[in-house]
Every structure is written in structure tokens, then in C-alpha cells.
Amino acid sequence: MIKAGIVGATGYAGAELVRILSGHEQVQIVFLGSRGYAGQKFSDVYGNLRGVEDGICEDDGDPAFIKDLSKKADVIFTATPQGVCATLLDDEVLSNTRIIDLSADFRIKDVAVYEKWYGIKHAAPQYVEEAVYGLCEINRADVANARIVANPGCYTTCSILTAYPLVKAGLIDPSTLIIDAKSGTSGAGRGARVANLFCEVNESVKPYGVTTHRHTPEIEEQLGYACGGDVVISFTPHLVPMDRGILATEYASLVREADGSLPTAERISAAYEEAYGDERFIRLLGDGGVPETRWVRDTNYTDIGFKIDLRTGRIVMMGALDNIVKGAAGQAVQNMNVMFGFEESMGL
């Protein structure tokens, strides 16, 4: 049995962490952090957990709390806005506990790139290099030994997993990659914003962050590791009127064989099978398989399908996941399971 603390427990990702961990047979939740609901029962904020998690939310607004928490928690999840986790860490904290950060503070290895895209100064650049990018399907061995896991977000997880095997196998030209992704409104967080009001979102679909979305360099960096070079993509996210879910439709030119022919669907399928055939939380739909967000809702699965366009010499890759589970809290628990030697699917 390990003890877990959750900083930012009353946001959407934090609340999903509470829900999952409250049913995890090897975890005891010892801290529920919240700035806005300090002193209130967690179950009064999220009534679905009434009688399941009735603990009192504690104020996590003063960074001093992290010292005491690090001494009683084996793992701390930080489901906080960008920049918060980095202000909490020092050598003492990291000598006491392990950190799974759901923000972007430790996802990008180039600190200058992080500061440019997020518009803030990194508060703990000394820990960036050791932090492990928490995609178990790619970095499982490193996750197991990490002190800091940078838990990927929803758009990045879906976008990377969908294209990674074909980039790694050299079957597509990554410089031609275009990612068109759509997210439910919970991806924007629980904060009150006019743009996220029901009347603003309902019966409408809109792109945002066009050419400037801050997940772009993260996707480029990870796909760059797959092919061993620099990758530049076009990434455009869209907001759709549903609570949760990510759908990524990705387009790229296929790399032709020596005889000028296109890779076959069988070869594409083989690349996906080689990468993910044994993965518990990736479901391969194969040639012509079309993922839907409703079939991954409330699960830790990523569904992936593809279709070759013989007319244009391109391939359409499609992925779907639940942005709050595999795109946030579920993936964080998956990482925790690996870090502590539990069955990877435990609680999920």
C-alpha cells in the first residue's frame, strides 16, 4: 500500500484522479489539495464520490505545504496549471517522494522552447533533464525508475501515439504531417471562462490556437525522437460541444518503396502491431478502422485506425481517447503503477 497526495484535486483531472485512486487496491489518498474549496468535503464538491471519498480538501495555495506532504506521501500528483509544479520542487522534496506532474512543466527538454511557447520563466530548469516523458507505451523502462514523470496531456498523447509507429518505421515523411484534432470542453479545465459557457460552445465547432498551440513543440519533440531528427508539423486543435474526448485525424505522405510503390496496408498494420501489439491500453482497429470518442469515453484506451489514400500517396491516421482518463488522470495512474511495480492496469 502506498500513500498518494493530489495537488489540484478539484479540477477535472484532479477529480478523475481521486475517482480512480479511491478504487485502487494499493493506494491510500492522504492529501486532497484545493485552493478554491479548502475546508470543504471533497464529496460536497463532487457528489458522485459521496460515501467513497469524504476527505476534507486542504489549502494547496501556499507552496510551504509540499515539504510536509513529501514526508507522508510516496507519490504526489500535481494536477495544476503550467508553472506551479516547478515552483514546488527542490532536492528535499525529491529525496522524500516521487512526482507525477500533469502540467507541461517538465515535458519539453529545451527550456527556451518551453518558455517561448508557454510565456513563463521555468522555475526549476535543473530538473528538466532527469524528468521522464510519461508515455508508458514508449518510455516504460525509464518511467519505472523516475523521480519526476512528466505526464503527457490529451492532445499530445493522442497525436503522438497515432503517428509514432509509422514515423519510427520510416513509413511516412514526418515533414508532411498535418494533425487535425478535436477536444471536448473539459480539456479547457474547470475555470469559468465565457468562451466555455454552454451557450458559447453548443451547436458549434471552432478551431483555436491556429499555428500557435503550445502542444505543438511537444508533439514535434517526441516524434523527433522516433525518427532521429527534427520534425516540424502543422497542428490545429478544435473545440467541439461534448464533455470529454479527443479525436485526432492525421495526414502524411507515405515514403515509397525502392520500386516506387506505396507501402501496403499489411506493412502499415505490421508497424502498428510491432509497436503496440502487446499494449494493454491501445486497441488497433487496422486498415479502414475508424475510432469514435464514445467508445473510449471513461476508459484508459486509445483506439487507432488508418486508411491509405492511393490516389494521393498519403495516409490518414486516426486516434481517439478520453482526454480526462488516458489524456490525463488515467495515464498518470498508469505511470504510477509502473513506477511502484504494480500491475499496469490496476485501478484502470
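Cut-offs and rules
Residues numbered from 1 in each chain as written. Predicted model: local features only at pLDDT ≥ 70, side-chain atom pairs only at ≥ 80, totals over all residues. Heavy atoms only, no water. Helix = DSSP H or I, 4+ residues; strand = E, 2+ residues; numbered from the N terminus. Rg over C-alpha atoms; globule rule 2.2 N^0.38 Å. Buried < 20%, exposed > 50% of the residue type's maximum accessible area, 1.4 Å probe, protein only. Contact = heavy atoms within 4.5 Å. Lys, Arg positive; Asp, Glu negative; His and termini not counted. Charge placed at Lys NZ, Arg CZ, Asp CG, Glu CD. Pairing = 2+ DSSP bridges. Core = buried A, V, L, I, M, F, W, Y, C linked by side-chain atoms within 4.5 Å. Expected span 1.5 Å × (residues − 1). Axes fitted to C-alpha atoms, helices over the stretch in contact; angles between N-to-C directions. Phe/Tyr/Trp six-rings, centres within 6.5 Å; stacked < 30°, edge-to-face > 60°. Lys NZ or Arg CZ within 6 Å of the ring centre and 35° of its normal. Salt bridge = Lys/Arg side-chain N within 4 Å of Asp/Glu carboxyl O.

> I tried to follow the overall build of the protein on my own but got confused; where do I start?
When you go through the protein residue by residue, the secondary structure sums to twelve helices and 13 strands. At 20 Å, the protein has a C-alpha radius of gyration in line with the 20 Å of a compact globule built from 348 residues. Taken over 348 residues, the protein has a buried fraction of 55%. For the protein, the proportion of contacts with a sequence separation of at least 24, taken over those separated by at least 6, is 69%. Charge-centre separation for the protein: the mean point of 32 positive side chains lies 3 Å from the mean point of 47 negative side chains.

> Would you mind going over the sheet that holds strand 7 (residues 178-183) with me for this structure?
Strands in a sheet are paired, the pairing made by backbone hydrogen bonds, and the direction either parallel or antiparallel. Read across the sheet, seven strands follow the order 8-9-7-10-13-12-11 without closing on themselves; strand pairing throughout is mixed. This sheet does not close on itself; its edge strands, each paired only once, are strand 8 (206-207) and strand 11 (282-287). Inspection of the sheet shows strand 12 (residues 302-309) paired to strand 13 (residues 314-321) by eight bridges, in the antiparallel sense. Note on strand 13: the bridge partner recorded for Gly305 is Met318.

> Would you mind going over the nonpolar core with me for this structure?
Counting residues in each nonpolar core, the largest one holds 39 residues, and the members touching the most others are Leu166, Leu223, Ile268, Ile315 and Met317. When contributions to this core are tallied by element, the ones reaching two or more residues are helix 8 (154-168), strand 7, helix 10 (216-227), strand 10 (246-253), helix 11 (265-276), strand 12 and strand 13. Counting residues per element, this core draws most heavily on helix 8, which supplies nine residues. Dropping the residues within four chain positions of it, Leu223 is found in contact with Ile160, Ala163, Tyr164, Val167, Leu177 and Val231. Grouped together as the second largest cluster of nonpolar side chains are 37 residues, Val75, Val143, Ala328 and Val338 included.

> Sorry, what's going on with helix 10 here?
Side chains that are three or four residues apart share a direction in an α-helix, a result of its 3.6 residues per turn. Here helix 10 is twelve residues long and its end C-alpha atoms lie 17 Å apart, about the 16 Å a rise of 1.5 Å per residue gives. Of all twelve residues in helix 10, ten are buried, a share of seventy percent or more. What helix 10 keeps buried is the set Thr216, Pro217, Glu218, Ile219, Glu220, Glu221, Gln222, Leu223, Gly224 and Ala226. If you follow the buried residues of helix 10, they end up packed against helix 6 (111-118), strand 5 (132-133), helix 7 (136-144), helix 8, strand 7 and strand 9 (234-239).

> What is the right way to look at the sheet that holds strand 6 (residues 148-150) in this model?
The strand order across the open sheet formed by six strands is 2-1-3-4-6-5, and the pairing between neighbours is parallel. The open sheet terminates on both sides in strands that have one partner only, identified here as strand 2 (27-32) and strand 5. Here strand 3 (residues 75-78) runs beside strand 4 (residues 98-101); their pairing, made up of four bridges, is parallel. Paired with Thr78 across the bridge in strand 4 is Asp101. In the packing of helix 3 (residues 65-72) onto the sheet, contacts are made with strand 1 (2-7), strand 2 and strand 3, and the angle to strand 1 comes to roughly 160 degrees. Packed onto the sheet, helix 12 (residues 325-339) meets strand 1, strand 2, strand 3, strand 4 and strand 6 and runs at close to 155 degrees relative to strand 4.

> Explain the side chain of Thr78 here, please?
Along the chain, Thr78 falls in strand 3. With residues up to four places along the chain from it excluded, the contact list for Thr78 reads Val7, Cys85, Leu88, Ile99, Ile100, Asp101, Leu102 and Ser103.

> Can you help me understand the packing of aromatic side chains in this one?
The description of an aromatic ring pair uses the distance of the two centres, along with the angle that the planes make with each other. Tallied over the entire structure, the rule returns seven aromatic pairs. With a centroid separation of 5.4 Å and an interplanar angle of 5 degrees, the aromatic rings of Phe31 and Phe65 are classed as stacked. Linking Phe31 in strand 2 with Phe65 in helix 3, this pair joins segments that are 34 residues apart in sequence. An identical accessibility class is assigned to Phe31 and Phe65; each is buried. Note that Arg98 overlies the ring of Phe340, its terminal NZ or CZ placed 5.2 Å from the centroid.

> Just to check I follow, could you spell out the pattern of salt bridges for this structure?
Pairing between side chains becomes possible if they bear opposite charge and their charged atoms approach one another. Summed over all chains, the structure comprises 16 salt bridges. Across the pair Lys67 and Glu92 runs a salt bridge, and its minimum N-O distance is 3.4 Å. You can see Lys67 sitting in helix 3 and its partner Glu92 sitting in helix 5 (residues 91-96), a full 25 residues away along the chain. A relative accessible area of 26% places Lys67 in the partly exposed class. Given a relative accessible area of 36%, Glu92 falls into the partly exposed group. Residues Asp298 and Arg244 are paired through a salt bridge, measuring 3.6 Å at the closest nitrogen-oxygen approach. With Asp298 in the loop between strand 11 and strand 12 and Arg244 in the loop between strand 9 and strand 10, this residue pair connects regions lying 54 residues apart in the sequence.

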